[in-house]
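# Understanding the architecture of this molecule
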Amino acid sequence: MSLNIVFMGTPEFSVPTLRSLIDAGHKIRAVYTQPPRPGGRRGLDLQKSPVHQAAELLGLPVFTPVNFKDPDERQRFRDLNADVAVVVAYGLLLPEAILSGTRLGCYNGHASLLPRWRGAAPIQRAIMAGDKKTGMMVMKMDKGLDTGPVALTREVEIGDNMTAGELHDRLMLVGAKAMAEAMNKLEHDELPLTAQPSEGVLYAAKIDKGETRIDFGKPAADVHNHIRGLSPFPGAWFEAEIAGRPERIKVLGSELAEGNGASGQILTDDLVIACASSAIRLTKLQKAGGKPLATADFLRGTPIAPGTVLASEQA
């Protein structure tokens, strides 16, 4: 026995789940993913999503609709006669015709402990808020935004210096294993569903570029969480004068440190920077067009003197 599954996902985060379902013996009827997007150095080449590329390597049929408004697209989905759809970071809202277009419905792998951090950026928002744990949840989808009943939960601790990129990679593997387990239980009619509590709802809004500048006028813990929650993408940043002109510098790693001074003041020659309370040490930086570098390597090519005060006003 195995399930006939339609898989729906787009980024690298989704690929291990696709592979885990195949390894568990399920049949993938088709893969849905976002259409190819402009990419390359000049943005002229159309690039297929990581899921698209993986599906082609696996010899699976791939569909890339812009949306599901077209009745023909909805009918094509129903004609697959799938038992269930598995959705992991697909990137499209699914209408009722798709949610009810398989025998057993649609199940989503979501990277938070629902109902906390529903929405687009749960990994980043959990770290930026200073959460000590998060997880992967398998949820049966309904019309709401991540509001459906939960079928399976796997918790993951968030380390004090863990970045969004590191947490992403951890949850990616945890989620793949969890979804395979959930589908095996569903196959045997042993997958329970529990309604989400009405308390504790938080929404993980998409990261806006306007919130990426570092504000050293906040407490050090908040600055640290901001930096690691945005690392490696899109990257938190500050502006400093380099060779007589202002230059934007991304910060991809940090740790809490001891020290006091004016907010934004560089206290040491290894980039300990004073915040509103206590201080933070920057451990990994990147100039525009450059490679990410450990602080010592960065400063050899781009010296920033102790005593310099980095502005905290938002752009």
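Residues numbered from 1 in each chain as written. Predicted model: local features only at pLDDT ≥ 70, side-chain atom pairs only at ≥ 80, totals over all residues. Heavy atoms only, no water.

- As annotated in an unreviewed UniProt entry, the protein chain carries the name Methionyl-tRNA formyltransferase and is attributed to Rhizobium miluonense.
- The annotation that UniProt attaches to the protein chain under Sequence similarities (unreviewed entry) is "Belongs to the Fmt family." (UniProt positions renumbered as here; feature names shortened; annotations may be inferred.)

## Section: the UniProt feature "binding site: (6S)-5,6,7,8-tetrahydrofolate" (unreviewed entry) in the protein chain
- The UniProt feature table records "binding site: (6S)-5,6,7,8-tetrahydrofolate" (unreviewed entry) at S112, L113, L114 and P115.
- Examined against the element boundaries, L113 turns out to sit in the loop between β7 (106–110) and β8 (118–119).
- If sequence neighbours within four positions are ignored, L113 has contacts with K133, T134, G135, M137, T153 and E155.
- One can find P115 in the loop between β7 and β8.
- Relative accessible area serves as the criterion here: at 6%, P115 is assigned to the buried category. (Helix = DSSP H or I, 4+ residues; strand = E, 2+ residues; numbered from the N terminus. Contact = heavy atoms within 4.5 Å. Buried < 20%, exposed > 50% of the residue type's maximum accessible area, 1.4 Å probe, protein only.)

## Overview of helix α6 (residues 164–187)
- Relative to the 34 Å expected for 24 residues at 1.5 Å per residue, α6 spans 33 Å between its end C-alpha atoms, a close match to the ideal helical length.
- Positive backbone phi, approximately 60°, marks D189, located one or two places after α6. (Expected span 1.5 Å × (residues − 1).)

## Some words on the nonpolar core
- Ranked by size, the top nonpolar core spans 41 residues in total, and within it F7 and M183 carry the most contacts.
- Looking at which element gives the most residues to this core, the answer is α6, with ten residues.
- Look past the residues within four positions of F7 in its chain and what remains in contact with it is S14, T17, L18, L21, I28, A30, V31, Y32, V51, V86 and V88. (Core = buried A, V, L, I, M, F, W, Y, C linked by side-chain atoms within 4.5 Å.)

## As for the pairing of strand β6 (residues 84–88)
- Among the five residues of β6, five are classified as buried, and the element is accordingly described as predominantly covered.
- What you see with β6 is no split at all: V84, V86 and V88 on one side and A85 and V87 on the other are buried throughout.
- Pairing analysis gives five bridges linking strand β1 (residues 4–9) to β6, with the strands arranged parallel. Looking at β6, one finds that M8 is bridged to V87.
- Here β6 runs beside β7; their pairing, made up of three bridges, is parallel. For V87, the partnering residue across the bridge sits in β7 and is N108. (Pairing = 2+ DSSP bridges.)

## Remarks on the sheet that holds β7
- One open sheet accounts for seven strands, arranged β5-β2-β1-β6-β7-β9-β10; its pairing is mixed. Each edge of the sheet is formed by a strand with only one pairing partner; in this case those strands are β5 (62–63) and β10 (150–157).

## Details of the pattern of salt bridges
- Enumeration according to the criterion identifies 13 salt bridges in this entry.
- The closest approach of N and O atoms between D131 and R116, which form a salt bridge, is 2.7 Å. Here R116 lies in the loop between β7 and β8 and D131 lies in the loop between α5 (122–128) and β9 (133–140), a separation of 15 residues in the sequence.
- What makes D131 buried here is its relative accessible area of 10%.
- Using a relative accessible area of 31% as the deciding quantity, one classes R116 as partly exposed.
- With a shortest N-O distance of 3.1 Å, D270 and R281 are connected by a salt bridge. (Salt bridge = Lys/Arg side-chain N within 4 Å of Asp/Glu carboxyl O.)

## Describing helix α7 (residues 220–229)
- Most of α7 is tucked away: eight of the ten residues are buried.
- Packed against the buried residues of α7 are α5, α6, β12 (236–242), β13 (245–257) and β15 (279–287).

## Some remarks on unusual backbone geometry
- Note that the residue after L114, namely P115, is joined by a cis bond; omega there is 10°.
- In the segment running from F233 into P234, the intervening peptide bond is cis, with an omega of 0°.
- Within the element layout of this structure, P234 appears in the loop between α7 and β12.
- Despite not being glycine, W117 has its phi angle at roughly 65°, a positive value.
- Its place among the elements puts W117 in the loop between β7 and β8.

## Here's the deal with the packing of aromatic side chains
- All chains considered together, the criterion is met by five aromatic pairs.
- For R76, the ring lying beneath its charged end belongs to F63, and the centroid distance is 3.9 Å.
- Here the guanidinium or amino end of R248 rests over the ring plane of W237, the centre of that ring lying 3.6 Å away. (Phe/Tyr/Trp six-rings, centres within 6.5 Å; stacked < 30°, edge-to-face > 60°. Lys NZ or Arg CZ within 6 Å of the ring centre and 35° of its normal.)

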